[in-house]
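The lines below spell out each chain.
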Amino acid sequence: MPGTLPGGSTRTIRETLRDASLPRSELQLLWQHVLGKPRSWLIAHDADTLAEEDVERFLQLRQRRQAGEPMAYLLGEREFMGHAFRVSPAVLIPRPETEHLVEHALAEAGSGRVRRVLDMGTGSGAIAVSIALANPALEVVATDASLEALALAQDNARRLSAGVCFLHGDWYDALAGQARFDMIVSNPPYIDSRDRHLEQGDLRFEPPMALTDGADGLQALRAIVDGAAHWLNPGGSLWLEHGWDQAASVRAMLAGAGFADVKSLTDLAGIERISGGRYL
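First, a word on scope: everything that follows refers to the structure included in this document. The shown structure was predicted, so the numbers you read here are calculated from the model rather than taken from an experiment. (Residues numbered from 1 in each chain as written. Predicted model: local features only at pLDDT ≥ 70, side-chain atom pairs only at ≥ 80, totals over all residues. Heavy atoms only, no water.)

To continue, consider the sheet that holds strand β8 (residues 259-266). Strand order in this open sheet of seven strands is β5-β4-β3-β6-β7-β9-β8, and the pairing throughout is mixed. This sheet does not close on itself; its edge strands, each paired only once, are β5 (164-168) and β8. Strand after strand, the sheet turns through a mean of 15° between neighbouring axes, direction not considered. Pairing between strand β4 (residues 139-144) and β5: five bridges, direction parallel. Within β5, the residue paired with Asp-144 across the bridge is His-168. Sheet strands in contact with helix α8 (residues 147-160) are β4 and β5, and its direction is about 170° off that of β5. (Pairing = 2+ DSSP bridges. Helix = DSSP H or I, 4+ residues; strand = E, 2+ residues; numbered from the N terminus. Axes fitted to C-alpha atoms, helices over the stretch in contact; angles between N-to-C directions. Contact = heavy atoms within 4.5 Å.)

Below you can see the structure in the form of structure tokens.
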């Protein structure tokens, strides 16, 4: 019979929402995903008998969530800059703090001096696609060393109708034959490989190559800074997201590489989250 599990118990949405192991809001999101229905439908039909296959799928997702798997991976998407981006364990989950990098890039591009923008290590494409959607006049290029990540980013760009050129390769190696850029942005792997947070929460499930450089967390940042001069037009800017305690190190890198107007900007929590400068 529909909704009957081993032991003879019949399940309804109302019954499953009594589970105290997860927040009610997460349980509702799992049901919305399984049934393809909005929250209002769940409320109106919370006493309906459920199909056995739907119950089984819900229970599998609930078990994965109880084990700590991120909701974004279970639902297959995460909102970023007002757009729904598809995500998978092949890419980093877009985070609200990265919106600060996009907002600053767009503000600088609004001056009219920026025509070509490069997003390095694009992952899901959240940064590049958001910039392209907000300012369609920009020519946006995005790179990634992971073919799986690029495929997902391309799918997000197609689905959201964003004009982005995607290139495969490790950092600047992907740019053979490309013209220079007016702005480079990146949210590279910057977590120290010894950081215990890598073994906690969502980070346990995200791709290691998107989180850490396997060293002190500064290697990818340094590679981007050191190679930027060859790929920036005169007066072009570089902006990087980094860790909460890395701002001073990134500013020193930028100054040492010949960047002027070097500064760090704080996020809503007052943390220096992005740093950048202009190459003259």
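Bringing the pattern of salt bridges into the picture now. All chains considered together, the criterion is met by 11 salt bridges. A salt bridge links Asp-46 to Arg-14; its shortest N-O distance comes to 3.2 Å. Separated by 32 residues along the polypeptide, Asp-46 in the loop between α3 (39-44) and α4 (52-66) and Arg-14 in helix α1 (residues 13-16) bring together distant segments of the chain. Note on Arg-14: relative accessible area 40%, which makes it partly exposed. When the shortest N-O distance is used, the salt bridge between Arg-86 and Asp-155 registers 3.1 Å. Here Asp-155 lies in helix α8 and Arg-86 lies in strand β2 (residues 83-86), a separation of 69 residues in the sequence. (Salt bridge = Lys/Arg side-chain N within 4 Å of Asp/Glu carboxyl O. Buried < 20%, exposed > 50% of the residue type's maximum accessible area, 1.4 Å probe, protein only.)

Packing of helix α2 (residues 24-35) against α4 leaves a shortest axis separation of 10 Å and a crossing angle of 135°. One way to sum up the angle between α2 and α4 is to call them oblique. For the pair α2 and α4, the sense of crossing is right-handed. On α4, the residues touching Glu-26, Leu-27, Leu-30, Trp-31, His-33, Val-34 and Leu-35 of α2 are Asp-54, Val-55, Arg-57, Phe-58, Leu-61, Arg-62 and Arg-65. (Parallel < 35°, antiparallel > 145°, perpendicular 65-115°, else oblique. Left-handed = near helix turned anticlockwise from the far one by under 90°.)

Attention shifts here to the packing of aromatic side chains. Taken as a whole and judged by the stated rule, the model has three aromatic pairs. Between Phe-80 and Phe-85 the ring centres are 6.2 Å apart and the planes differ by 75°, which places this aromatic pair in the edge-to-face class. Here the two residues Phe-80 and Phe-85 agree in accessibility, since each one is buried. Ring centres 5.3 Å apart and planes at 65° place the aromatic pair Phe-259 and Tyr-279 in the edge-to-face group. Here Tyr-279 lies in strand β9 (residues 272-279) and Phe-259 lies in strand β8, a separation of 20 residues in the sequence. Judged by relative accessible area, which is 6%, Phe-259 ranks as buried. For Tyr-279, a relative accessible area of 23% gives the class partly exposed. One residue, Arg-116, lies across the ring of Phe-181, its end atom 4.2 Å from the ring centre. (Phe/Tyr/Trp six-rings, centres within 6.5 Å; stacked < 30°, edge-to-face > 60°. Lys NZ or Arg CZ within 6 Å of the ring centre and 35° of its normal.)

Below, the discussion takes up the packing of helix α10 (residues 219-228) against helix α11 (residues 247-256). With their axes 9 Å apart at the nearest point, α10 and α11 run at an angle of 25° to one another. In terms of orientation, α10 lies roughly parallel with respect to α11. As α10 runs across α11, the sense of the crossing is right-handed. On α11, the residues touching Leu-221, Arg-222 and Val-225 of α10 are Val-250, Met-253 and Leu-254. Looking at the contact of α10 with α11 residue by residue, the class counts come to five nonpolar, no polar and one charged. (Nonpolar A, V, L, I, M, F, W, Y, C, P; charged D, E, K, R; others polar.)

The terminal C-alpha atoms of α4 lie 21 Å apart, and with 15 residues this matches the ideal 21 Å at 1.5 Å per residue to within 8%. Along α4, the positions that sit buried rather than exposed are Val-55, Phe-58, Leu-59, Leu-61, Arg-62 and Arg-65. Buried positions in α4, seen along its axis, are confined to an arc of 165° and lie on one side of it. Of the exposed residues in α4, the ones pointing more than 90 degrees away from its buried face are Glu-53 and Gln-63. (Expected span 1.5 Å × (residues − 1). Arc of directions from axis to C-beta.)

What follows concerns the environment of Met-120. Within the fold, Met-120 resides in strand β3 (residues 116-120). Discounting chain neighbours no more than four positions away, the residues touching Met-120 are Thr-143, Trp-171, Tyr-172, Ile-184, Val-185, Ser-186, Asn-187 and Ile-224.

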